[in-house]
Amino acid sequence: MSLEARLEAATTEYQKLQKDITNAVENLQKLDSQLQENEIVQKEFSLLKDDSNIYKLVGPVLVKQDKAEATENVARRLEHIQSDIKRMEDQVKDLTEKFEKKKVEIVQLNASRAQQTAS
């Protein structure tokens, strides 16, 4: 593969990694927002009396739900969101490492091309 072709392929991969990082960070932000919302719900539930009425929106209908069941559902949702956040953080870290390696590769290829041009 020629130097130009390798440089073009590396640049394309670099741009793809950049888009992947952007998407992963956006997903991470959405998960963080969901986490905060569910933590607020959990705090509100802790302030309620055991016999308080809790309603869950199911489609267009509000359905009465037991406080213990609702609290458990929120706790499970929080666990799920936290594991998703951990997974996304690992993905962002991995993509960032690949991105940095690709950047170094492009710099090296550009240096080689400049050397060839100067010769």
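Residues numbered from 1 in each chain as written. Predicted model: local features only at pLDDT ≥ 70, side-chain atom pairs only at ≥ 80, totals over all residues. Heavy atoms only, no water.

1. Quick word on the environment of Thr-11
Part 1 of the argument: Note that Thr-11 resides in helix H1 (residues 3-47).
Part 2 of the argument: Thr-11 gets classed as partly exposed once you look at its relative accessible area, which sits at 29%.
Part 3 of the argument: Among the polar contacts made by the side chain of Thr-11, one reaches the main-chain carbonyl oxygen of Leu-7 at a distance of 2.8 Å. (Helix = DSSP H or I, 4+ residues; strand = E, 2+ residues; numbered from the N terminus. Buried < 20%, exposed > 50% of the residue type's maximum accessible area, 1.4 Å probe, protein only. Polar contact = N/O pair within 3.5 Å; in protein donor to acceptor, adjacent residues only side chain to side chain.)

2. Overview of the packing of aromatic side chains
Part 1 of the argument: Tallied over the entire structure, the rule returns 1 aromatic pair.
Part 2 of the argument: Summarising the aromatic geometry, the rings of Tyr-14 and Phe-99 are spaced 4.4 Å apart at their centres and angled 20 degrees between planes, so their arrangement reads as stacked. Here Tyr-14 is found in helix H1, whereas its partner Phe-99 is found in helix H2 (residues 67-118), with 85 residues between them in sequence. The pair formed by Tyr-14 and Phe-99 is uniform in burial state, with each residue classed as buried. (Phe/Tyr/Trp six-rings, centres within 6.5 Å; stacked < 30°, edge-to-face > 60°.)

3. A word on the UniProt feature "coiled-coil region" (unreviewed entry) in the protein chain
Part 1 of the argument: Annotation from UniProt places "coiled-coil region" (unreviewed entry) at residues 7-34 and 71-112.
Part 2 of the argument: Across residues 7-34 one finds 100% helix and 0% strand; the C-alpha atoms that close the span lie 41 Å apart.
Part 3 of the argument: Between the C-alpha atoms that bound residues 71-112 there is a distance of 61 Å. The span itself is 100% helix and 0% strand. (UniProt positions renumbered as here; feature names shortened; annotations may be inferred.)

4. Quick notes on the pairing of strand S2 (residues 61-65)
Part 1 of the argument: As defined by bridge partners, strand S1 (residues 54-58) adjoins S2 across 5 bridges and the pair is classed as antiparallel. Paired with Lys-56 across the two strands is Val-63, which belongs to S2.
Part 2 of the argument: Joining the antiparallel neighbours S1 and S2 is a turn of 2 residues, in which Gly-59 adopts a positive phi near 65 degrees. (Pairing = 2+ DSSP bridges.)

5. Focus: the pattern of salt bridges
Part 1 of the argument: Counted under the stated rule, the structure contains 9 salt bridges.
Part 2 of the argument: Between Lys-67 and Asp-50 there is a salt bridge whose closest N-O contact spans 3.5 Å. In this pair, Lys-67 is assigned in helix H2 and Asp-50 in the loop between H1 and S1, connecting sequence segments 17 residues apart.
Part 3 of the argument: The exposure class assigned to Asp-50 is exposed, which follows from its relative accessible area of 69%.
Part 4 of the argument: For Glu-105, the salt bridge goes to Lys-102, with nearest N and O atoms at 3.1 Å. Residue Glu-105 and its partner Lys-102 are both found in helix H2; the two are separated by 3 residues, about one turn of the helix.
Part 5 of the argument: Glu-105 sits in the partly exposed class, given a relative accessible area of 30%. (Salt bridge = Lys/Arg side-chain N within 4 Å of Asp/Glu carboxyl O.)

6. Observations concerning the environment of Ala-24
Part 1 of the argument: Looking at the secondary structure, you find Ala-24 in helix H1.
Part 2 of the argument: The contact partners of Ala-24, leaving out residues within four places of it in the chain, are Met-88, Val-92 and Leu-95. (Contact = heavy atoms within 4.5 Å.)

7. Section: a nonpolar patch on the surface
Part 1 of the argument: Together, Tyr-55, Leu-57 and Leu-62 make up an exposed nonpolar region whose accessible area comes to about 360 Å².
Part 2 of the argument: The partly exposed category is assigned to Tyr-55, whose relative accessible area is 48%. (Patch = residues over 30% accessible without salt bridge, like charges linked within 9 Å, V, L, I, M, F, W, Y side chains within 5 Å. Areas by Shrake-Rupley, 256 points an atom, 1.4 Å probe, with all protein chains shown as cover.)

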